Amino acid sequence: MTKIEQPFLKNALAGVMALEPYSPGMPIDELQRRLGLSDVIKLASNENPLGPSPQVKAALAEHAASGNVSLYPDGGGFRLKKKIAEFHGIEAERITLGNGSNDLLEFIARVFLGPGRKALFSEYCFAVYPLATLAQNAEAIVAKALPSDHPTMPYGHDLDAFAAALTPEVSVVMIANPNNPTGTWVEAAPLEAFIAQVPASTLIVLDEAYIEYFEPGLAPASRAWLDRYPNLVITRTFSKTYGLAGLRAGYALSHPSVADLLNRVRQPFNLNMLALLAAEVALGDQAHVAEAVELNRSEMARLKAEFDALGLKTLPSQANFLTFDLGREAAPIHKGLLERGVIVRPMASYQMPTYLRVSIGTNAENTRFLAALKEVLAA
Ligand SMILES: *Cc1c(COP(=O)(O)O)cnc(C)c1O
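Nothing here was measured: the structure is a model prediction, and the numbers come from that model.

The rules behind the values
Residues numbered from 1 in each chain as written. Predicted model: local features only at pLDDT ≥ 70, side-chain atom pairs only at ≥ 80, totals over all residues. Heavy atoms only, no water. Pairing = 2+ DSSP bridges. Helix = DSSP H or I, 4+ residues; strand = E, 2+ residues; numbered from the N terminus. Axes fitted to C-alpha atoms, helices over the stretch in contact; angles between N-to-C directions. Parallel < 35°, antiparallel > 145°, perpendicular 65-115°, else oblique. Contact = heavy atoms within 4.5 Å. Nonpolar A, V, L, I, M, F, W, Y, C, P; charged D, E, K, R; others polar. Buried < 20%, exposed > 50% of the residue type's maximum accessible area, 1.4 Å probe, protein only. Right-handed = clockwise from strand over helix to strand, strands pointing away. Near = heavy atom within 4 Å. Polar contact = N/O pair within 3.5 Å; in protein donor to acceptor, adjacent residues only side chain to side chain. Areas by Shrake-Rupley, 256 points an atom, 1.4 Å probe, with all protein chains shown as cover. Phe/Tyr/Trp six-rings, centres within 6.5 Å; stacked < 30°, edge-to-face > 60°. Core = buried A, V, L, I, M, F, W, Y, C linked by side-chain atoms within 4.5 Å. Domains from an automatic or database assignment.

Asker: Teacher, can you tell me more about the sheet that holds strand β13 (residues 355–359) here?
Answerer: Strand pairing in a sheet relies on backbone hydrogen bonds. The paired strands run either parallel or antiparallel. Strand order in the open sheet made by the four strands is β9-β10-β13-β12, with antiparallel pairing throughout. In this open sheet, the two edge strands, each paired with only one partner strand, are β9 (313–314) and β12 (345–346).

Asker: Explain the packing of helix α5 (residues 101–112) against helix α10 (residues 256–265) to me, please; I cannot follow it from the model alone.
Answerer: How two helices pack is summed up by the angle between their axes together with the distance between the axes. Packing of α5 against α10 leaves a shortest axis separation of 9 Å and a crossing angle of 100°. For the element pair α5 / α10, the angle class is roughly perpendicular. Of α10, the residues touching α5 (which contributes Phe107, Ile108, Arg110, Val111 and Phe112) are Val258, Leu261, Leu262 and Val265. Broken down by class, the residue content of the contact of α5 with α10 amounts to eight nonpolar, no polar and one charged.

Asker: Looking at this model, I keep getting lost on the pairing of strand β7 (residues 232–237). Mind explaining?
Answerer: The two faces of a sheet get side chains in turn, since along a regular strand they alternate between them. A large share of β7 lies buried, amounting to six of its six residues. Burial along β7 is two-sided: the residues Leu232, Ile234 and Arg236 and Val233, Thr235 and Thr237 are all buried. Sheet analysis places strand β6 (residues 203–207) next to β7, joined by four bridges and oriented parallel. Across the sheet, valine 205 pairs through a bridge with valine 233, a residue of β7. Crossover handedness for the path β6 to helix α9 (residues 222–228) to β7: right-handed. Note that β7 and strand β8 (residues 250–253) share four bridges and pair antiparallel. Within β8, the residue paired with isoleucine 234 across the bridge is leucine 253.

Asker: Explain the sheet that holds β8 to me, please; I cannot follow it from the model alone.
Answerer: In spatial order, the strands read β2-β8-β7-β6-β5-β3-β4; together these seven strands make up an open sheet with mixed pairing. Of all strands in the sheet, those with a lone pairing partner are β2 (95–98) and β4 (139–143), marking the two edges. With strand direction ignored, the average angle separating the axes of adjacent strands in the sheet is 20°. Of the pairings in the sheet, the one linking β2 to β8 comprises four bridges and is antiparallel in character.

Asker: Would you mind showing me how to read the site of the ligand here?
Answerer: Near the ligand, the surroundings consist of Gly100, Ser101, Asn102, Phe126, Asn180, Asp207, Ala209, Tyr210, Thr237, Ser239, Lys240 and Arg248. Here an oxygen atom of the ligand and a backbone polar atom of serine 101 are 2.6 Å apart. Separating an oxygen atom of the ligand from a side-chain N or O atom of threonine 237 is a distance of 2.5 Å. Expressed as a share of its isolated accessible area of 390 Å², the protein-covered part of the ligand is 93%. Here the residues of the shell around the ligand sort into three nonpolar, six polar and three charged.

Asker: Explain the packing of aromatic side chains here, please?
Answerer: Two aromatic rings, taken as a pair, are described by how far apart their centres are and by the angle between their planes. Across all of its chains, the model carries 12 aromatic pairs by this definition. A ring pair is formed by phenylalanine 126 and tyrosine 129, whose centres lie 5.7 Å apart and whose planes are at 85°; its orientation type is edge-to-face. Judged on exposure class, the residue phenylalanine 126 and its partner tyrosine 129 are both buried. With centroids separated by 5.4 Å and ring planes inclined at 75°, the aromatic side chains of tyrosine 210 and phenylalanine 321 adopt a geometry described as edge-to-face. Here phenylalanine 321 lies in strand β10 (residues 321–325) and tyrosine 210 lies in the loop between β6 and α9, a separation of 111 residues in the sequence. With a relative accessible area of 3%, tyrosine 210 lands in the buried category. Put simply, the rings of Phe121, Phe126 and Tyr129 touch in pairs and so form one group of aromatic residues.

Asker: Whenever I open this one, the nonpolar core confuses me. Can you help?
Answerer: Most often, soluble globular proteins keep nonpolar side chains buried together rather than apart. By size, the foremost hydrophobic cluster in this structure holds 52 residues, and its most contacted members are Leu120, Phe194, Leu232 and Phe238. Three or more residues apiece are contributed to this core by two domains, here domain 1 (7–51 + 287–378) and domain 2 (54–285). In contact with phenylalanine 194, other than residues within four places in its own chain, are Leu159, Phe162, Ala163, Leu166, Val173 and Ile175. Counting residues in hydrophobic clusters, the runner-up holds 32 residues, among them Leu104, Leu113, Ala176 and Met352.

Spelled out as structure tokens, the structure:
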């Protein structure tokens, strides 16, 4: 398409002009349309392969049958907040609901970032952090990640590099634990030590989208930190273990003064009524979460063993995906997998062009992925 320079473009925010749009995992429909395939599996966006809890499906079906969509949802999210408050042992006034946790990251950016402000995050961090920062015309400070040949945590967050990059001008620090797209993590003790030395005027966002997948004993008890560090914000999502990615629901836990500000910029009805209902029911079915985590544990071990046997290096992961190194340009392998109806995530936009990321699927999906991968590698 010919790019036509329009005079009004000079008034667009420089940050927005500079940002790379988020590239989502390819939808199943799109690949089916493009290649005329009928049987496509998607292991590209770290969704729950079991889907949501049966209790959620029943509640959604009942709501759909009622046809009740003409009234606005509860903008305050009273019932869901009450459930979250009970679940975490926290006051409702310290909760902010988001249309996915992505929404919360944007509220944080809107309130605490802007021209002249700085956000600090790692190389190989979640793509939304630079997006939310640039969209506010704020500056991104990138902490170098641990080196690719690091003995235990290649590409992982380097808390020393974070500490070295911290200046009083940094208003927000963003850390995902475990991190996406790498799966790497930071341990509780060094993470708390880092948080403790962040200036009280700097907000720390701890993005715990994958926290439920941590193997027993490794997940930081970060809820307690909220009471010690008023500048800490924890974000959680219903998109991963809870299997509600399509409905969009997440929440932030914070000091009440932060929650108050985030709630000021929130659109009044940012969670639709089905998302509110589903999240509330999902939180009550922890057995379903445990089932998803157990499936992930056993299937990730199987995939890891298969990657080892193929001589493909994987990054250490406590999440629900494995990021693996082809040792050569990954794009042709990605294409070969697509042609076989298997969608995984290319890592080129994360400056990791020899890597692909595969979400852990069901046993059958993983078997299909492995067969396709072996075919492509042999081709
Ligand atoms: C998937 C993911 C989220 C969750 O995004 P939602 O908007 O809640 O669907 C947040 N952070 C990271 C690092 C993720 O990978």
